[in-house]
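Chains, contacts and geometry: an overview
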Amino acid sequence: MSADFVSFFDRRTKAAEAYVNGDAAPLQALLTPNETASFHSPGGDSVTGPKPVADRYIEDAQRFAPGSKSQLEILQKAAGDIAFWTGFQNASVCLAGKDEPVDMRIRVTEVFRREGGEWKMIHRHADMAAKA
């Protein structure tokens with residue numbers, strides 16, 4: 001796997017941690033500005049287009065509070081002309097209005113493409129994993 005994708009994915013992992021702590025800015029820096037942007041959310045809806053996707057991430061991140069934790073459990077990851085990872089995002093999140101952290105296990109597939117010499121996220125599919 002190329003060093004630039006390894007470095008990018010490290011930024012992606014840090015962006016996931018910031019996101020569950022209410023900060024969408026690191027994720028925003030990784031999103032494509034192109035019309036190919038799409039997001040299938042854990043709520044079951046879909047958003048397309050760069051502004052609606054970026055706005056949705058900002059809106060959703062505001063539900064989280066500092067003190068949350070996130071860990072990406074990677075089942076598969078590859079990079080070539082495009083790149084992807086699939087697996088789980090395991091998180092213990094602090095939510096507004098809740099006294100105790102909430103554990104989440106989200107099934108995730110993300111797709112990335114090189115744009116202008118940088119990797120950008122073009123698609124995220126996330127849904128709640130079934131409880132074991």
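Description of the structure in this document. For clarity, every value in this text was computed on a predicted model and none was experimentally measured. (Residues numbered from 1 in each chain as written. Predicted model: local features only at pLDDT ≥ 70, side-chain atom pairs only at ≥ 80, totals over all residues. Heavy atoms only, no water.)

Quick word on the pattern of salt bridges
Enumeration over the complete set of coordinates arrives at 13 salt bridges. Linked through salt bridges whose partners overlap, the residues forming this network are Asp 45, Arg 56, Glu 59, Asp 60 and Arg 63. (Salt bridge = Lys/Arg side-chain N within 4 Å of Asp/Glu carboxyl O.)

Let's talk about the nonpolar core
The nonpolar side chains of soluble globular proteins are, as a tendency, buried together. By size, the foremost hydrophobic cluster in this structure holds 31 residues, and its most contacted members are Phe 5, Tyr 19, Leu 27, Tyr 57 and Phe 112. Elements supplying a minimum of two residues to this core: helix H1 (3-19), helix H3 (50-61), strand E3 (64-79), strand E4 (82-95), strand E5 (102-115) and strand E6 (118-128). It is H1 that provides the largest number of residues to this core, a total of six residues. (Core = buried A, V, L, I, M, F, W, Y, C linked by side-chain atoms within 4.5 Å. Buried < 20%, exposed > 50% of the residue type's maximum accessible area, 1.4 Å probe, protein only. Helix = DSSP H or I, 4+ residues; strand = E, 2+ residues; numbered from the N terminus.)

Let's talk about the pairing of E3
For E3 and E4, the ladder comprises twelve bridges, and the chain directions are antiparallel. Residue pairing in the sheet places Glu 73 in a bridge with Phe 88 of E4. In this structure, the hairpin formed by E3 and E4 is closed by a connection of two residues. (Pairing = 2+ DSSP bridges.)

Overview of the packing of aromatic side chains
Two aromatic rings, taken as a pair, are described by how far apart their centres are and by the angle between their planes. Enumeration over the complete set of coordinates arrives at ten aromatic pairs. Relative to Trp 85, the ring of Phe 9 lies with its centre 6.0 Å away and its plane at 80°, an arrangement referred to as edge-to-face. Of this pair, Phe 9 sits in helix H1 while Trp 85 is found in strand E4, placing the two residues 76 residues apart along the sequence. Classification of Trp 85 by relative accessible area gives buried; the value is 0%. When the centroid spacing of 4.7 Å and the interplanar angle of 40° are considered together, the rings of Phe 39 and Tyr 57 count as tilted. Pair noted here: Phe 39 is in strand E1 (residues 38-40) and Tyr 57 is in helix H3, with a separation of 18 residues, a long-range link. (Phe/Tyr/Trp six-rings, centres within 6.5 Å; stacked < 30°, edge-to-face > 60°.)

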